[in-house]
Amino acid sequence: MKTAFVTGASSGFGRAICQRLVANGYRVIGGARRMEKLQALERELGDNFIPLALDVTDVNSINAAVAQITEAAPGIDLLVNNAGLALGVERAQVSSAENWQRMIDTNITGLAMVTHAVLPQMVKADSGMIINIGSIAGTYPYPGGNVYGASKAFVRQFSLNLRADLAGTRVRVSNIEPGLCSGTDFSVVRLNGDMAAVDALYRDVQAILPEDIAATVAWIAEQPAHVNINTIEIMPVAQTSAALNVVRDLPAC
Ligand SMILES: NC(=O)c1ccc[n+]([C@@H]2O[C@H](COP(=O)([O-])OP(=O)(O)OC[C@H]3O[C@@H](n4cnc5c(N)ncnc54)[C@H](OP(=O)(O)O)[C@@H]3O)[C@@H](O)[C@H]2O)c1
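What comes next is a walk through the structure. Computed from a predicted structure; not experimentally measured. The numbers attached to residues start from 1 for each chain and follow its sequence in the written order. For this predicted model, a pLDDT threshold of at least 70 governs which residues receive local features, and a threshold of 80 or more governs which side-chain atom pairs are given and counted, while totals over whole chains, interfaces and linings are taken from all residues. Neither water nor hydrogens contribute to the side-chain values; these are computed over all heavy atoms in the structure.

So, on to the site of the ligand. The rule for a residue being near a molecule or strand is that one of its heavy atoms must lie within 4 Å of it. The immediate surroundings of the ligand are formed by 28 residues, with Ser10, Ser11, Arg33, Tyr148 and Thr184 found nearest. Polar contacts here mean pairs of N or O atoms no more than 3.5 Å apart (in protein, one a potential hydrogen donor and the other a potential acceptor; neighbouring residues in sequence count only if both atoms are side-chain atoms). Taking Ser10, its side chain carries an N or O atom lying 2.8 Å from an oxygen atom of the ligand. Here an oxygen atom of the ligand sits 2.8 Å away from a polar atom, N or O, in the main chain of Phe13. All accessible areas in this document rest on Shrake-Rupley with a 1.4 Å probe, and a residue is counted as covered only by the protein chains that are shown. About the coverage of the ligand: the protein hides 96% of its 880 Å² of free accessible area. Strands here are runs of E lasting at least two residues and helices are runs of H or I lasting at least four, both read from the DSSP assignment and numbered beginning at the N terminus. Going through the elements one at a time, helix 1 (12-23) and helix 5 (146-165) are the ones with two or more residues in the shell around the ligand. The residue makeup of the shell around the ligand, split by class, is 11 nonpolar, 12 polar and five charged. Residue polarity is assigned by list, with Asp, Glu, Lys and Arg as charged and Ala, Val, Leu, Ile, Met, Phe, Trp, Tyr, Cys and Pro as nonpolar; anything else, Gly included, falls into the polar class.

This is how it looks when you write it as structure tokens:
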């Protein structure tokens, strides 16, 4: 039986990925801070889902989690680095430094440190797969995207650089970059619980769903051992790139 470690398993993509991987025959270890949500998922999925307290911003928590996993399973075949968050939609000049720090700690440092803790055992086994959850925000700039988008640009480049370092091994690395997705807590967190703003964001639009991302993870994981999917960008049909912005009423320089 293959073992998967999914970070951010308590809601949204992570939860759907755990459901899908257990259905596909994996033993799944799901990490997050909200244990009560993970325990509810354990009740739903049974013995092949193992909940694990994990705060990716705390290196001791990461090391304890990986030590616990290594005790319970022979090795991690699949790491899904999904834990992440956006905080705020304000423009950079008026945004909160605290929010910036938390996004950097979670999306950049957290993802890098979980990878750092898991990678040696994969290289030693000369097998394994890491699937990172980036975002289209790492490629396409938009007002208010500032540090969140930059953190996902890190995920994109980190994924590619890992591939460069892993040349000559059979360890694989992929980056999934989703666009607008509903059915997760992402926007509730980003908009600090302002449900009117959350509803406005998803009004009259068919967004992608966590199940779509879970299906993408499952598809990547099923590829034959000689195939590495580098990057997948996935948007709802209703979402497209915007034109470049031109400000027409600026006084001449
Ligand atoms: N939804 C979208 O439109 C969208 C689009 C592109 C990319 N993404 C990315 O997809 C990933 C999942 O987001 P989602 O939409 O599923 O949002 P979500 O429902 O809010 O899920 C985020 C998950 O990350 C976990 N998490 C946050 N901080 C953590 C920490 N310090 N330690 C451990 N776990 C932590 C949360 O668990 P706890 O709070 O229990 O710790 C939760 O399980 C994120 O990386 C996000 O940036 C989302």
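More follows now that the structure is in view.
A few words now on the environment of Val205. Assignment of secondary structure puts Val205 in the loop between helix 7 (195-202) and helix 8 (210-221). The buried label goes to any residue with under 20% of its type's maximum accessible area, the exposed label to any with over 50%, and the partly exposed label to all in between, with areas taken from a 1.4 Å probe on protein chains only. For Val205, a relative accessible area of 28% puts it in the partly exposed group. Here the alpha-carbon distance between Val205 and Val22, two residues 183 residues apart in the chain, equals 30 Å. Not counting residues up to four positions away in its chain, the partners in contact with Val205 are Leu180 and Ala238. Note on definitions: a residue-residue contact is assigned when non-hydrogen atoms from the two residues lie within 4.5 Å.

Quick look at the packing of helix 4 (residues 97-125) against helix 5 now. Where helix 4 meets helix 5, the axes come as close as 8 Å, and the angle between the chain directions of the two elements is 15°. On the basis of the axis angle, helix 4 is roughly parallel to helix 5. Crossing angle aside, the handedness with which helix 4 passes helix 5 is right-handed. In this structure, helix 4 contributes Trp100, Met103, Ile104, Asn107, Ile108, Leu111, Ala112, Thr115 and Leu119 to the contact, and helix 5 contributes Asn146, Val147, Tyr148, Ser151, Lys152, Phe154, Val155, Phe158 and Leu162. Residue composition of the contact of helix 4 with helix 5, by class: 13 nonpolar, four polar and one charged. Angular values range over 0 to 180 degrees, each being the angle between N-to-C directions of two axes fitted as lines to C-alpha atoms, with helices fitted over their stretch in contact. Relative orientations are named as follows: roughly parallel for angles under 35 degrees, roughly antiparallel for angles over 145 degrees, roughly perpendicular for angles from 65 to 115 degrees, and oblique for any other angle. A crossing counts as left-handed when the near helix is turned anticlockwise from the far one by less than a right angle, and as right-handed when that turn is clockwise.

This part takes up the nonpolar core. Each nonpolar core is a collection of buried residues, namely Ala, Val, Leu, Ile, Met, Phe, Trp, Tyr and Cys, held together in the definition by side-chain atoms within 4.5 Å. Of all hydrophobic cores here, the largest spans 32 residues; its most connected members are Ile17, Cys18, Leu21, Val28, Phe49, Leu78 and Ile133. Put simply, the parts of the chain that give this core at least two residues each are strand 1 (3-7), helix 1, strand 2 (27-32), helix 2 (35-45), strand 4 (78-81), strand 5 (129-133), helix 8 and strand 7 (231-234). The leading source of residues in this core is helix 1, at six residues. Discounting chain neighbours no more than four positions away, the residues touching Ile133 are Phe13, Ile17, Val80, Asn81, Asn82, Lys152, Val155, Asn175, Ile176, Pro178, Ile213 and Val217. The next biggest cluster of nonpolar side chains, apart from the first, holds 26 residues, and it includes Ala112, Met122, Leu162 and Val171.

Turning to the packing of helix 3 (residues 59-72) against helix 4, a few remarks are in order. Helix 4 packs onto helix 3 with a crossing angle of 30° between their chain directions and a minimal axis gap of 10 Å. Judged by the inter-axis angle, helix 3 sits roughly parallel to helix 4. Here helix 3 runs over helix 4; the crossing is right-handed. In contact with Val59, Ile62, Asn63, Val66 and Thr70 of helix 3, helix 4 contributes Gly110, Met113, Val114, Ala117, Val118 and Gln121.

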